[in-house]
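# Residue-level structural notes
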Amino acid sequence: MAFWPVLLEALITLVHIITDRILEFALGWYLGPHKRVATISSVDQQVILTKSAVELATAIRAGKLKSYDIVKAYCERIDIVNRELNAVVDGPFDTEALEEARKIDERLASGQYTDEELLALPFLGVPFTTKDSTSVAGKLLTLGLLARKDMRSKEDAECVRLMKKSGAIIIATSNVPEVNKWIESRNMLIGGTNNPYDLRRSVGGSSGGEGALITACCTGFGLGTDIGGSIRIPAFNCGVFGHKPTSGAINMAGCTFRTGKELNTMVCAGPMARFATDLRPIMKVLVEPSLQNVLQLDKKVDVKQLRYFYVPSLGMRQCNPINQETERVMYNVRKHLEQLSGQEVHLAKLPETQLTGKMWRYWMTQEPASFNHLLGNGVQLNPFVELFKKLLGKSEYSMAAIYSLIDSLLPKENEKLIRSATKKCKAALQELLGENGVLIFHSSPRTAPFHYYPLFKFLDFSYFSLFNVLGLPATQVPMGLDSQGMPLGIQVVSNHNNDRLCLAVAEELERAFGGWVAPFPLKSK
């Protein structure tokens, strides 16, 4: 390789490292000392709150736990820790949720459910939450906008309806950035949501409130949506599992005003949970009936027989370099999978990934909804006017939202170039993976940053958004904590409609490496 390109790469890396450390020092000083979310108050509560959703459902049906006690424990936990997290927009809905739970317990105790009914109610009595931008009948639907602070949904989003139909009980809705378009969950309506592992740090976005509630044991599981990493970024930052399904696998009706009839969209709804073993059962509830046989979620996957690949870097100069602790995660996963399968995890090189940021930016302009129109709640906004108002302290919008307004005025991406790059990258990855291949991919070059960091450096999210552009399924897997006590992680990616491969490998990595690590000390039982 020629001298000057190597020198340029070295200088860019050095600039990234220096600016990252300056931001970490300055923001750490500004935000004050480290503090974690409060621990669970008693061993009895801990036993309930740290179970998986599947374990809770099983215990309810077997009469070992009452849905009423579970719902009560989660609602009380929200009341205790939301003052620190600032994650809840509406709720907890304790009165109605407890009444629903009481009726379930009574029917179970008196044997009123038939075996057929119980089969159709896999999450009977289990509490769940969803993000504020996903409609829940009768509850607030603000999208983080002051103009919508009192607006309520008339009906459930399809994914919420399906979860309720499966017996699950909604207990709260959670915080999002304005209209979901930012990688921190902050708005001018309720402010920013804090990371349970370090309250000074970001939970990510846009399903950041969900990430915080799930890892802090405030809900059995959550529903997120993902258009550029919006499930996986919060799952990564908050140390939980999150799955972005194959594009089109789940009906989006009622999510951020979607009708469910949109074609060629990057957005997906999907599950978030503390345990990998919850993801597949939730997916089985959510997947479109016409795709149940296509996705074959019940088909057994032998992870020892899969072919494994990895990519060491996205190749985008605008992203931070991969740090050593993140590199170690990739190394450990590779070595485990090599031992498991008895074959090499192959190095893969995908074409055009250095254009990921540009690809995502272009394909966002092809989405059916206009960000400007949504942000203005039906009124077209002038970016310069909003910026001027912000400087005067008079704007109704966060600086991140104004960034996105300004972005709409910048030169557009080269359509021919981007469409060609997208096609080439997708074709190469799909050919590589085939029907039994899995790609191991970094989640981010570094762990969750301090609040406000993304206002200065934000393109690391491209490690997630690539798979929205390509429309392929990807599962975020927690992989322990770094030296600062923040969650590490890895992404598991498979081919179109092969979600079951991602989910099976996620379960294997959970078994091998431990999965979710509580953000507070667990009490001895």
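On a predicted model such as this, the values are computed, not experimentally measured, just so you know.

### Examining the packing of aromatic side chains
Across all of its chains, the model carries ten aromatic pairs by this definition. Taken together, a centroid distance of 5.4 Å and an interplanar angle of 50° make the contact between Phe123 and Phe221 tilted. Of this pair, Phe123 sits in the loop between α6 (115-119) and β2 (127-131) while Phe221 sits in the loop between α8 (208-215) and β8 (222-226); the two residues are 98 residues apart in sequence, bridging distant segments of the chain. Residue class for Phe221 comes out buried when judged on its relative accessible area of 0%. Taken together, the ring pairs in this structure connect Phe123, Phe128 and Phe221 into an aromatic cluster. In this arrangement the basic side chain of Arg274 is found over the ring face of Trp516, its NZ or CZ atom lying 5.8 Å from the centre. Taking NZ or CZ as reference, Arg334 lies 4.2 Å from the ring centre of Tyr310, over its face.

### Side note on the UniProt feature "domain: Amidase" (unreviewed entry) in the chain
In the UniProt entry, the feature "domain: Amidase" (unreviewed entry) is given for residues 69-503. This span, residues 69-503, is 36% helix and 16% strand, and a straight line between its end C-alpha atoms measures 30 Å.

### Structural notes on the pattern of salt bridges
Applying the stated criterion across every chain yields a total of 29 salt bridges. The shortest N-O distance in the salt bridge between Arg317 and Glu9 comes to 2.8 Å. Of this pair, Arg317 sits in the loop between β11 (307-311) and α12 (324-341) while Glu9 sits in helix α1 (residues 3-31), placing them 308 residues apart in sequence. Across the pair Arg361 and Asp407 runs a salt bridge, and its minimum N-O distance is 2.8 Å. Within this pair, whereas Arg361 is found in helix α13 (residues 356-364), its partner Asp407 is found in helix α16 (residues 399-407), the two being separated by 46 residues in sequence. Classification of Arg361 as buried rests on a relative accessible area of 17%. Judged by its relative accessible area of 26%, Asp407 falls in the partly exposed class.

Criteria and cut-off values
- Residues numbered from 1 in each chain as written.
- Predicted model: local features only at pLDDT ≥ 70, side-chain atom pairs only at ≥ 80, totals over all residues.
- Heavy atoms only, no water.
- Phe/Tyr/Trp six-rings, centres within 6.5 Å; stacked < 30°, edge-to-face > 60°.
- Helix = DSSP H or I, 4+ residues; strand = E, 2+ residues; numbered from the N terminus.
- Buried < 20%, exposed > 50% of the residue type's maximum accessible area, 1.4 Å probe, protein only.
- Lys NZ or Arg CZ within 6 Å of the ring centre and 35° of its normal.
- UniProt positions renumbered as here; feature names shortened; annotations may be inferred.
- Salt bridge = Lys/Arg side-chain N within 4 Å of Asp/Glu carboxyl O.

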